[in-house]
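# Commentary on secondary and tertiary structure
The chain contents come next:
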Amino acid sequence: MPASNRQTIRDLRRNSRSAVLQRLYFDGPMSRQALGTATGLSSGSISTITAELVAEGLIEEAGTVGSDGGRPRNLLRVRAGCAYLVGVDVGETRVRVELFDLDLTELARCEHPLERDGHDVDTVVRHISEGVADVLGQASIPLELLLGVGVGVPGIVERRSPDGALVHGQTIGWDAIPLEAMLRGTAGLPEETPFFIENGAQTLGRAEMWFGGGRGTADAAIVLFGSGIGACVVTGGTILEGTRSSASEWGHMTVRVGGRRCRCGSRGCLEAYAGAEALVERWREQGAAISPDTDEESAIAALIAAAHPRDPGTAPDPVAAAVLAETAEYLGAGLSNLINLYNPERILLGGWAGLQLAPYLLDEVRRHAVAYSLRYPAERVTIDVGRLGPDAVTVGAATLPLARFFASGGRRSEPAGEAGLTPGQAGWRASLLLRAPASQG
């Protein structure tokens, strides 16, 4: 029997508070009159809700603005110090943890390098726990003001377990790891502190859509280019998830039947040709003297230096240049599939390797993407570098507890389930709560 869609007075109240908070967050400071126009709420409702939010310390006065022939109007904004967020990036080479205020201003950070093949689950959990305790200690944040901890991970995140999110990270040897349950109660946090687990490419995409190069765009693809490759596909303002949150595993599309062995165990994946790990391996196979102990970021820097020497008297290494050229073609061909399948308005390239390689590859990647795409969608897409830099995954992870804050209308004590969202789902469904505001473009 279909569930009833009837809303209670409490639901309506929460939704109204949520609408006011979201509008002030993305478009503030705003006057009460402007809020009424933007949200469609009556002046009486706006007056009551803003009075509540001011009394609770969630919003504050932010000066005045003149009005035509009338008294100046008071402006309101969300108070940055009313709550705090932690974002975690479980990357291929390190675990990065950052603490933010509600404006997403970084207050503290720490990093724990991962050794080669270092995704031992207990080690990663320890790094996250110690990192969260570290950043909270650096900034002396009261625990009652922490909205939660968002974590971006490599792999597919399953949310159907009663114990919380499970991570299927095939390329790092994780099989249904109960990461959310393992993190609860760690870092000296209260047991009820929510953890939000999400695929790293999805958190990168959410960050770019909310605060970076995707703002004002309803259809986009955001690429995470690191040791491996992933993508976040946004259609109609909503992140594409699929029935089991495994949509957009773009790096494992087949680009050559029977081709190179991929980390996932299959053959011919895009990641096996264009991922940073594969890129370094292909260069090594063609004679590059790169020690197996050299970390990937240093190896990519050496490859770039060989192909594009800074000394004008030094000739480019033709082997290194050829490896980069082949990578640009594979990456462009991969992007053409995103263009043909989803017809995005914008494609953004992020991730540590993407940011490192973009100055040398982007023009060629664009050329190949257009060449391999259908003409009509190719003429209507732009391909650029993401705007948020190497911290985009942690910023995106921090938006997961922020989305729950909006969904609950700013009430910390209200269970997320009261808004129709479990703690894990609140971040997952954030794209349904906030479409990319056109006014931010």
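Here the structure is a predicted model, which is why all the values come from computation and not from measurement.

Rules and cut-offs
- Residues numbered from 1 in each chain as written.
- Predicted model: local features only at pLDDT ≥ 70, side-chain atom pairs only at ≥ 80, totals over all residues.
- Heavy atoms only, no water.
- Helix = DSSP H or I, 4+ residues; strand = E, 2+ residues; numbered from the N terminus.
- Expected span 1.5 Å × (residues − 1).
- Pairing = 2+ DSSP bridges.
- Axes fitted to C-alpha atoms, helices over the stretch in contact; angles between N-to-C directions.
- Salt bridge = Lys/Arg side-chain N within 4 Å of Asp/Glu carboxyl O.
- Buried < 20%, exposed > 50% of the residue type's maximum accessible area, 1.4 Å probe, protein only.
- Phe/Tyr/Trp six-rings, centres within 6.5 Å; stacked < 30°, edge-to-face > 60°.
- Contact = heavy atoms within 4.5 Å.
- Parallel < 35°, antiparallel > 145°, perpendicular 65-115°, else oblique.
- Left-handed = near helix turned anticlockwise from the far one by under 90°.
- Nonpolar A, V, L, I, M, F, W, Y, C, P; charged D, E, K, R; others polar.
- Polar contact = N/O pair within 3.5 Å; in protein donor to acceptor, adjacent residues only side chain to side chain.
- Core = buried A, V, L, I, M, F, W, Y, C linked by side-chain atoms within 4.5 Å.

What follows deals with helix H10 (residues 318–342). Under the 1.5 Å per step criterion, the end-to-end length of H10 is 36 Å for 25 residues, consistent within 8% with the ideal 36 Å. A positive phi of about 50 degrees marks Asn343, the residue just after H10.

Spatially, 3 strands are ordered S8-S9-S10 in an open sheet, and the strand pairing comes out antiparallel. Among the strands making up the open sheet, the edge pair consists of strand S8 (156–158) and strand S10 (174–177). Pairs of neighbouring strands in the sheet enclose a mean axial angle of 20 degrees, with direction left out of account. When S8 meets strand S9 (residues 166–169), the two strands line up antiparallel, connected through 3 bridges. By the bridge assignment, Ile156 is partnered in S9 with His168.

Before going further, it helps to examine the pattern of salt bridges. In total, this model carries 32 salt bridges according to the counting rule given. Of the charged contacts in the structure, one is a salt bridge between Arg17 and Glu52, with a shortest N-O distance of 2.9 Å. Of this pair, Arg17 sits in helix H1 (residues 9–27) while Glu52 sits in helix H3 (residues 43–55), placing them 35 residues apart in sequence. On the basis of relative accessibility, which here comes to 0%, the residue Arg17 falls in the buried class. By relative accessible area, which is 22% here, Glu52 ends up partly exposed. Two residues, Glu379 and Arg380, come together in a salt bridge whose shortest N-O distance is 3.4 Å. Assessed through its relative accessible area of 55%, Glu379 is described here as exposed. Residue class for Arg380 comes out partly exposed when judged on its relative accessible area of 42%.

What follows concerns the packing of aromatic side chains. Two descriptors summarise a pair of aromatic rings, namely the distance from one centre to the other and the angle between the planes of the rings. Scanning the entire structure with this criterion turns up 9 aromatic pairs. Look at Phe26 and Phe211: their rings are 6.3 Å apart centre to centre, the planes differ by 15 degrees, and that puts the pair in the stacked class. Here Phe26, found in helix H1, pairs with Phe211, found in helix H6 (residues 200–211); they are 185 residues apart in sequence, far enough to count as distant. When the centroid spacing of 4.5 Å and the interplanar angle of 25 degrees are considered together, the rings of Tyr273 and Tyr330 count as stacked. One end of the pair, Tyr273, is in helix H7 (residues 271–274); the other, Tyr330, is in helix H10, with 57 residues separating them in the sequence.

Reading across the sheet, the 5 strands line up as S14-S13-S12-S15-S16 and stay open at both edges, with mixed pairing between neighbours. Unpaired on one side and paired on the other, strand S14 (238–239) and strand S16 (382–385) mark the two borders of the sheet. Where strand S13 (residues 229–235) and S14 come together, 2 bridges link them in antiparallel fashion. Counterpart to Val234 in the pairing with S14 is Ile239. Docked against the sheet, H6 engages strand S12 (220–225), S13, S14 and strand S15 (346–350), running at close to 130 degrees with respect to S12. Where helix H11 (residues 352–372) meets the sheet, its contacts fall on S12, S15 and S16, and the angle it forms with S16 comes to roughly 160 degrees.

Direction vectors running N to C along helix H8 (residues 276–285) and helix H9 (residues 296–307) enclose 55 degrees, while the axes themselves pass 10 Å from each other. Relative to H9, the element H8 is oriented oblique. Crossing angle aside, the handedness with which H8 passes H9 is left-handed. Along its contact with H8, which presents Ala276, Glu277, Leu279, Val280 and Trp283, the element H9 presents Glu296, Ala299, Ile300, Ala302, Leu303 and Ala306. Looking at the contact of H8 with H9 residue by residue, the classes come out as 9 nonpolar, no polar and 2 charged.

Attention shifts here to the environment of Asp27. With respect to the helices and strands, the residue Asp27 is situated in helix H1. Its relative accessible area of 24% is what places Asp27 among the partly exposed residues. A distance of 2.6 Å separates polar atoms of two side chains, one belonging to Asp27 and the other to Arg23.

What follows concerns the nonpolar core. The nonpolar side chains of a soluble globular protein tend to be buried with one another. By size, the foremost hydrophobic cluster in this structure holds 48 residues, and its most contacted members are Trp250 and Leu335. Looking at this core, the elements with two or more residues in it are S12, S13, H7, H8, H9, H10, S15 and H11. With 9 residues, H10 is the largest single contributor of residues to this core. Setting aside its immediate chain neighbours within four residues, Trp250 contacts Val223, Ile229, Gly230, Ala231, Leu270, Leu331, Gly334, Leu335 and Leu338. Core analysis: the second largest hydrophobic core is formed by 39 residues, Leu58, Leu102, Leu104 and Ala207 among them.

Cis geometry marks the peptide bond from Gly28 to Pro29; its omega dihedral reads 0 degrees. Counting through the fold element by element, Pro29 comes out in the loop between H1 and strand S1 (30–31). Backbone geometry at Leu104 places phi at a positive 65 degrees, although glycine is not the residue there. Tracing the chain through its elements places Leu104 in the loop between strand S5 (94–101) and strand S6 (106–113). Unlike most non-glycine residues, Ala176 shows phi in positive territory, near 55 degrees. On the secondary structure map, Ala176 appears in strand S10.

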